[in-house]
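Coordinates in review
One-letter residues, chain by chain:
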Amino acid sequence: NTNEALLEVNNIEVIYNHVILVLKGVSLCVPHRGITALLGGNGAGKTTTLKAISNLLKSERGEVTKGSIVYRGDRVQDLSPADLVRRGVIQVMEGRHCFEHLTVEENLMTGAYTRRDSKAEIRRDLDRVYTYFPRLKDRRKSQAGYTSGGEQQMTAIGRALMSRPETILLDEPSMGLAPQLVEQIFEIVKAVNEGEGVAFLLAEQNTNVALRYAHYGYILESGRVVMDGPAKDLRENPDVKEFYLGMS
Ligand code: ATP
């Protein structure tokens, strides 16, 4: 059933350092095989929302103090990030985060660490990743730290794909990339979504590009969802045009 929610975030509150209330009741829903955009300006709470879902807040002294996060009907907020990866949910962090001293291919291989299947199968997946990212195949022997920003973003997404995810939480894929590369990255997201059926929840400040590729969008402001709807409706909404698309 493609209409059923894969991931549900119900009214979560997040507090940093026991005092700073950053998410003030955020709810959202990621359907099977959908591309869902989480939009909003700097500091709106996009990264915090993704980290709450993938349980990466602890190292930042952050905590979900209210609400629930449900994946495939199970409450998952007490699982470790590695357990979530095993269930099919993986986050690609903002700023790409490659292992700079490893080659591109070694980086991709680290994405398979939670898997217990055969080397041959992992090899097949690696080849499949290269069909989405032909550029990475050319650069597979290069040290990741010496590849371009766009290539590092591709490596980070490719590495996530190596865990055979069902859902990818993608934080700010456009950050620091030239417009043409941003378009390329989103084309790949679309191809992976259609080809592998992977659902995406992507945090983006670039509302324009995100709403062209997403099916549905949520707009966050100061830790609250202020608007949500099908991407097409948001693109045509006068307030979204004025405040987020830079045209009225
Ligand atoms: P950006 O695009 O800058 O990442 P964002 O929408 O993802 O913005 P968050 O990074 O989630 O926003 O930050 C939301 C708010 O939480 C900001 O006011 C930020 O200063 C605050 N914040 C983030 N991390 C911490 C932390 N570890 N401790 C305290 N406050 C934090």
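See the structure shown above.
Remember, predicted model here, so these are calculated numbers, not experimental data. (Residues numbered from 1 in each chain as written. Predicted model: local features only at pLDDT ≥ 70, side-chain atom pairs only at ≥ 80, totals over all residues. Heavy atoms only, no water.)

Scanning the chain from N- to C-terminus turns up ten helices and ten strands. A globule of 248 residues ought to have a C-alpha radius of gyration of about 18 Å, and the chain, at 18 Å, matches this closely. Each of the three principal axes of the chain carries a C-alpha extent, and together these read 45 × 40 × 40 Å. Looking at the chain as a whole, 50% of its 248 residues qualify as buried. Restricting to contacts in the chain with at least 6 residues of sequence separation, those with at least 24 account for 69%. Total accessible area on the chain stands at roughly 11,900 Å², and carbon and sulfur atoms take up 47% of it. A gap of 5 Å separates the mean positions of the 31 positive and 32 negative side-chain charges of the chain. (Helix = DSSP H or I, 4+ residues; strand = E, 2+ residues; numbered from the N terminus. Rg over C-alpha atoms; globule rule 2.2 N^0.38 Å. Buried < 20%, exposed > 50% of the residue type's maximum accessible area, 1.4 Å probe, protein only. Contact = heavy atoms within 4.5 Å. Areas by Shrake-Rupley, 256 points an atom, 1.4 Å probe, with all protein chains shown as cover. Lys, Arg positive; Asp, Glu negative; His and termini not counted. Charge placed at Lys NZ, Arg CZ, Asp CG, Glu CD.)

What follows covers the environment of Thr 167. Counting through the fold element by element, Thr 167 comes out in strand S7 (residues 167-171). Setting aside residues up to four positions removed in sequence, Thr 167 forms contacts with Leu 6, Tyr 71, Gly 88, Val 89, Ile 90, Val 198 and Ala 199. A polar contact is formed between the side chain of Thr 167 and the side chain of Tyr 71, at a distance of 2.8 Å. (Polar contact = N/O pair within 3.5 Å; in protein donor to acceptor, adjacent residues only side chain to side chain.)

Before going further, it helps to examine the site of the ligand. Surrounding the ligand, one finds 16 residues, the nearest of these being Asn 42, Gly 43, Gly 45, Thr 47 and Thr 48. Within the side chain of Asn 42, a nitrogen or oxygen atom sits 2.4 Å from an oxygen atom of the ligand. Lys 46 has a polar backbone atom sitting 2.9 Å from an oxygen atom of the ligand. Isolated, the ligand exposes 630 Å² of accessible area, and the fraction of that covered by the protein chains is 68%. Listed by contribution, the elements that provide at least two residues to the shell around the ligand are strand S2 (20-31) and helix H1 (46-53). Ranked by the residues each element gives to the shell around the ligand, the list is headed by H1, at three residues. (Near = heavy atom within 4 Å.)

This part is about the pattern of salt bridges. Counted by the stated rule, this structure contains 14 salt bridges. Arg 164 is the partner of Glu 121 in a salt bridge, and the nearest nitrogen-oxygen pair spans 3.4 Å. Of the two residues, Glu 121 is situated in helix H4 (residues 119-132) and Arg 164 in the loop between helix H6 (149-161) and S7; the sequence distance between them amounts to 43 residues. A network of salt bridges, in which partner residues are shared, links Glu 121, Asp 125, Arg 128, Arg 164 and Glu 196. (Salt bridge = Lys/Arg side-chain N within 4 Å of Asp/Glu carboxyl O.)

Structurally, the α-helix is built with 3.6 residues per turn, so residues lying three or four positions apart point the same way. Spanning 14 residues, H4 covers 20 Å between terminal C-alpha atoms, matching the ideal 20 Å at 1.5 Å per step. Here H4 has its buried residues at Ile 122, Asp 125, Leu 126, Val 129, Tyr 130 and Tyr 132. End-on view of H4: buried residues confined to an arc of 150°, all on one side of the axis. H4 presents Arg 124 and Thr 131 as exposed residues on the side facing more than 90 degrees away from its buried surface. Against helix H3 (104-110), helix H5 (134-138), H6 and helix H7 (179-196) lie the buried residues of H4. (Expected span 1.5 Å × (residues − 1). Arc of directions from axis to C-beta.)

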